[in-house]
Amino acid sequence: MEIKKLLSEMTLEEKASLVSGNDMWTTKTLERLNIPGIFMCDGPHGLRKLENDTEHVGMYDSIDAVCFPTACATASSFDRKLMNDLGVTLGKECQAVDVSTILGPAINIKRSPLCGRNFEYISEDPYLTGELATSYINGVQSQNVGTSLKHFAANSQETERMYADSIIDERTLREIYLSAFENAVKNSKPWTIMASYNRINGEYSSENDWLLNKLLRDEWGFDGVVMSDWGAVSKRPKGIASGLDLEMPGCRGLNDKLIIEAVNNGELPMEKLDTAVENILKWIEKFIEHRHKETFDRDKDHIAAVRAEEECIVLLKNENNTLPLSSSEKIALIGGFAANPRYQGGGSSHINAHNVVSAVSVKDNYSDKITYSQGFSHEEDVTDEALFEEACKAASEADKIVVFAGLPDVFESEGYDRKHMGLPDSQNKLIEKLLGLCKPVIVVLHNGSPVEMPWADKVNAIVEAYLGGEGVGEAAMNILYGNVNPSGKLAETFPLKLEHNPSYLNFPVANHKVFYGEGVFVGYRYYDTKKMDVLFPFGYGLSYTTFEYSNLNVSSTMDINETTTVTVDITNTGSIAGKEIVQLYISDNTDSTNRPVHELKGFEKVSLEPGETKTVSFILDKRSFAWYSTRLKDWFAANGSYTIEIGKSSRDIQLTAEIKITGSIQIPPVIDQDVQLGELLAYDKTREYTEKAFEHSATQFSDGDSDDDAPEMTRAMLEYMPIRTLRSFAGLSNESISEILSELRKLV
């Protein structure tokens, strides 16, 4: 495809036409110029392609496809290779059914447990989110199929998502809500990015020049297509000028006319429209030129979905080694989810699953001593005493009770946010009744985000299966019976109750605005800094074996412009093979700004045989230690002491070591009459001059008392004193202060 030549031959009308979709899922075909349309589809965890009708959303009317675990589950794998392999499989499926681009991954940060779309978002942590998204994108695009990284940006709730204004400071935006996008753009180069519905500080994402042009393209180097979320267009000509290439879905020609008018009257420069058209043509060419034959082997991919979920399930509690179950034990499976598992979320990513496997459907593969009783519905919250009585009778005859609980479809979905963190009352009531039988109770959860567990300290074991794809029933049974050793860890914190969440006072929307008042203190950054009790911490998960951490090796110093390698040994001290997720956190001891007590900056999943030891390595660079300075408009890490923490979770730190950063710049103080003496004394270039210029001023604050604490008290008082106040307290004239400020400016 000779893109420059095609561009020169296109009429204004054809250009205006090409920058919007043909229908709900395809781009325009321009037969005169032999430009084909290409097909895109949801979603991140399986294909939702409509075979014949491309004019409608068709949320539940798509091809037979394989539903893989959703992002809430795969994030708990902490496994880059798993995400890459999942991407490769999906890429092959796309080639098999002529899909050019998967609309995903979705990587908005889990700011609140209530976000209705949390099931398809990765984590509350931007580093983990960015790393896993990068691996997934690289996997998909290795098959010459595109991804659409979404939703760009700061859209962490569903309430008023098409209109709400995210009010958020730049540091928080950069460190928390943009960081994962930056990682993925720079390290996986997604073919497309999807602009979100919402506004950011007053400007719609789809027409935000700073977001799409200055940041995404100029600063990060993105060279692909920016498309709108479906219907996320307000002022189309402004969007094109601001970097929005493609409007989706089709606009039925209405915005074509506005584009033509804007070009003709000079409102929209032709070169801006040409850029959008060229980006779209390059995207089409990437797919068309690399089409190849693939077979969509649904049965094979189903097995891959089961294996993936096995890596994601998190064992949250296992009192007295209640698990794994034995085939000789009488087991009662209770709960509607045992027969009808909730394996995916509602909304645009809903897959027409090929082969949904429930625990009940495969129970005979594990033992002939397993019974099933419904107990409660998987679809609604209805207390049925007859079902309760039947379940309790079945459970009374068992050695152990396994309750498959969770959130019904109506409790969480795209389009609306949850109102609370509770499970259906009927489920909690039945669990309490079963506990009264004084038998071991195990709870298996099917949910897309954290739930309150009023019975958590009473049950013997808790297994978090999340929304684990179509093979979740088999994967859960393999974990319960020990065929697979659980190795997942939580990619989000489970608070004790909703009111503890840092966004609680500012979620979801007030007067059409979303105030991100918690700043950078999101998730474990908040809970751990406050030393607040939680139900289960970030990074937490148990195993059927045990692991020992030793031999942490950290350099004593690191030049900020270089990298350093951290190593640690992990030993499987148990009797069976297992996998451990080793987590590296960094704590800033420099007091250069207000920061969380620690932040995740490395993780590795390591497989170990009994007695085996492996060395895990982490490479750290400037960004590992840095925070975003709005003064510098850059990432900054101060010289000084930092702590490297190696943990099993954010709350279970096994080993620590100090490292000192050198070679960094200092952030200069703003030199005006409000500059504080402490700022000048802390800055190397102004310290000596400041000490001399104000050496006599300190005496004005001393009463001549010989008290040993007096000098220290004087220094403390002077540290936060603006220069202007020395007119009153030290007798300096305006002329003297102006002269001092002039000299200080020369030094900065």
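Keep in mind that this is a model prediction, so the values were computed, not measured. (Residues numbered from 1 in each chain as written. Predicted model: local features only at pLDDT ≥ 70, side-chain atom pairs only at ≥ 80, totals over all residues. Heavy atoms only, no water.)

Caption draft 1: Focus on the overall build of the chain. For the chain, the helix and strand inventory stands at 24 helices and 25 strands. In summary, the chain has a C-alpha radius of gyration of 29 Å against a globular reference of 27 Å for 748 residues, a match within 12%. Its C-alpha atoms put the chain at 90 × 75 × 50 Å along the principal axes. For the chain, buried positions account for 61% of its 748 residues. At a minimum sequence separation of 6, the contacts of the chain that also span at least 24 residues come to 77%. On the chain, roughly 28,800 Å² of surface is accessible, and the fraction owed to carbon and sulfur atoms is 46%. Computed over 74 positive and 113 negative side-chain charges, the inter-centroid distance for the chain is 2 Å. (Helix = DSSP H or I, 4+ residues; strand = E, 2+ residues; numbered from the N terminus. Rg over C-alpha atoms; globule rule 2.2 N^0.38 Å. Buried < 20%, exposed > 50% of the residue type's maximum accessible area, 1.4 Å probe, protein only. Contact = heavy atoms within 4.5 Å. Areas by Shrake-Rupley, 256 points an atom, 1.4 Å probe, with all protein chains shown as cover. Lys, Arg positive; Asp, Glu negative; His and termini not counted. Charge placed at Lys NZ, Arg CZ, Asp CG, Glu CD.)

Caption draft 2: Focus on the packing of helix H6 (residues 170-177) against helix H8 (residues 209-219). Following both chains from N to C, one finds H6 and H8 inclined at 55 degrees, their axes separated by 15 Å at the closest point. Classified by the angle between their axes, H6 and H8 sit oblique to one another. Two packed elements cross with a definite hand, and for H6 against H8 that hand is right-handed. Together, Glu-170, Leu-173 and Arg-174 of H6 and Trp-210, Leu-215 and Glu-219 of H8 make up the contact between the two elements. Class assignment of the residues belonging to the contact of H6 with H8 gives a composition of three nonpolar, no polar and three charged. (Axes fitted to C-alpha atoms, helices over the stretch in contact; angles between N-to-C directions. Parallel < 35°, antiparallel > 145°, perpendicular 65-115°, else oblique. Left-handed = near helix turned anticlockwise from the far one by under 90°. Nonpolar A, V, L, I, M, F, W, Y, C, P; charged D, E, K, R; others polar.)

Caption draft 3: Representation of the sheet that holds strand S15 (residues 513-515). One open sheet accounts for four strands, arranged S7-S6-S4-S15; its pairing is mixed. Among the strands making up the open sheet, the edge pair consists of strand S7 (203-204) and S15. Pairing analysis gives two bridges linking strand S4 (residues 165-167) to strand S6 (residues 199-200), with the strands arranged parallel. Looking at the pairing, Asp-165 lines up with Arg-199 of S6. (Pairing = 2+ DSSP bridges.)

Caption draft 4: The nonpolar core, seen in detail. The biggest cluster of nonpolar side chains holds 185 residues, and the ones touching the most others in it are Phe-152, Trp-230, Val-403, Phe-404, Met-453, Trp-455 and Leu-480. Top element by residues in this core is helix H11 (residues 270-288). It accounts for eight residues. When near neighbours in sequence (up to four residues on either side) are disregarded, Trp-455 contacts Leu-423, Asn-428, Ile-431, Glu-432, Leu-435, Val-443, Leu-445 and Ile-462. Membership of the second largest hydrophobic core comes to 29 residues, among which are Leu-608, Val-616, Leu-620 and Trp-627. (Core = buried A, V, L, I, M, F, W, Y, C linked by side-chain atoms within 4.5 Å.)

Caption draft 5: Spatial organisation of a negative patch on the surface. The grouping of Glu-379, Glu-380, Asp-381 and Asp-425 at the surface amounts to a negative patch. Relative to the assigned elements, Asp-381 resides in the loop between strand S11 (370-373) and helix H15 (385-396). The exposure class of Asp-381 is partly exposed, given its relative accessible area of 34%. (Patch = residues over 30% accessible without salt bridge, like charges linked within 9 Å, V, L, I, M, F, W, Y side chains within 5 Å. Salt bridge = Lys/Arg side-chain N within 4 Å of Asp/Glu carboxyl O.)

Caption draft 6: Highlighting the state of the cysteines. Throughout the structure, instances matching the rule amount to zero disulfides. Cysteine Cys-67 remains unbridged, with the sulfur of Cys-72 as its closest cysteine sulfur at 11 Å. You can see Cys-94 has no disulfide; the closest cysteine sulfur is in Cys-41, sitting 5.6 Å from it. Residue classification places Cys-94 among the buried positions, given a relative accessible area of 0%. (Disulfide = S-S within 2.5 Å.)

Caption draft 7: Representation of the packing of aromatic side chains within the structure. On inspection of all chains with the given rule, the structure shows 16 aromatic pairs. Aromatic pair Tyr-127 and Phe-603: ring centres 5.9 Å apart, planes at 80 degrees, arrangement edge-to-face. Linking Tyr-127 in helix H5 (residues 126-141) with Phe-603 in strand S20 (residues 599-608), this pair joins segments that are 476 residues apart in sequence. Note on Tyr-127: relative accessible area 21%, which makes it partly exposed. Residue class for Phe-603 comes out buried when judged on its relative accessible area of 0%. (Phe/Tyr/Trp six-rings, centres within 6.5 Å; stacked < 30°, edge-to-face > 60°.)

Caption draft 8: Region of interest: the sheet that holds strand S9 (residues 314-318). Sheet architecture is open: six strands sit in the order S9-S14-S13-S12-S10-S11, paired in mixed fashion. Strand pairing shows two members of the sheet lacking a second neighbour, S9 and S11, which therefore form its edges. Here the strands of the sheet are splayed against their neighbours by 15 degrees on average, with no regard to which way each runs. Of the strand pairs in this sheet, strand S10 (residues 331-334) and strand S12 (residues 400-406) are connected by four bridges, and their pairing is parallel. The partner of Ile-334 across the bridge, within S12, is Val-403.

Caption draft 9: Structural detail: the pattern of salt bridges. Throughout the structure, instances matching the rule amount to 52 salt bridges. In this structure, a network of salt bridges that share partners links the residues Asp-125, Arg-525, Asp-588, Arg-595, Glu-599 and Lys-601.

Caption draft 10: Spotlight on the pairing of strand S18 (residues 564-572). Among the nine residues in S18, eight count as buried, and that is most of the element. Relative to S18, strand S16 (residues 547-553) runs antiparallel, the two sharing five bridges. Bridge pairing links Asn-553 to Thr-567 in S18. Where S18 meets strand S21 (residues 613-620), eight bridges bridge the pair, whose relative direction is antiparallel. What sits directly across from Val-566, in S21, is Phe-618.

Caption draft 11: Region of the structure containing H11. For H11, spanning 19 residues, the distance from its first C-alpha to its last is 27 Å, which sits close to the expected 27 Å at 1.5 Å a residue. Within the span of H11, buried status applies to Leu-273, Asp-274, Ala-276, Val-277, Glu-278, Asn-279, Ile-280, Leu-281, Trp-283, Ile-284 and Phe-287. (Expected span 1.5 Å × (residues − 1).)

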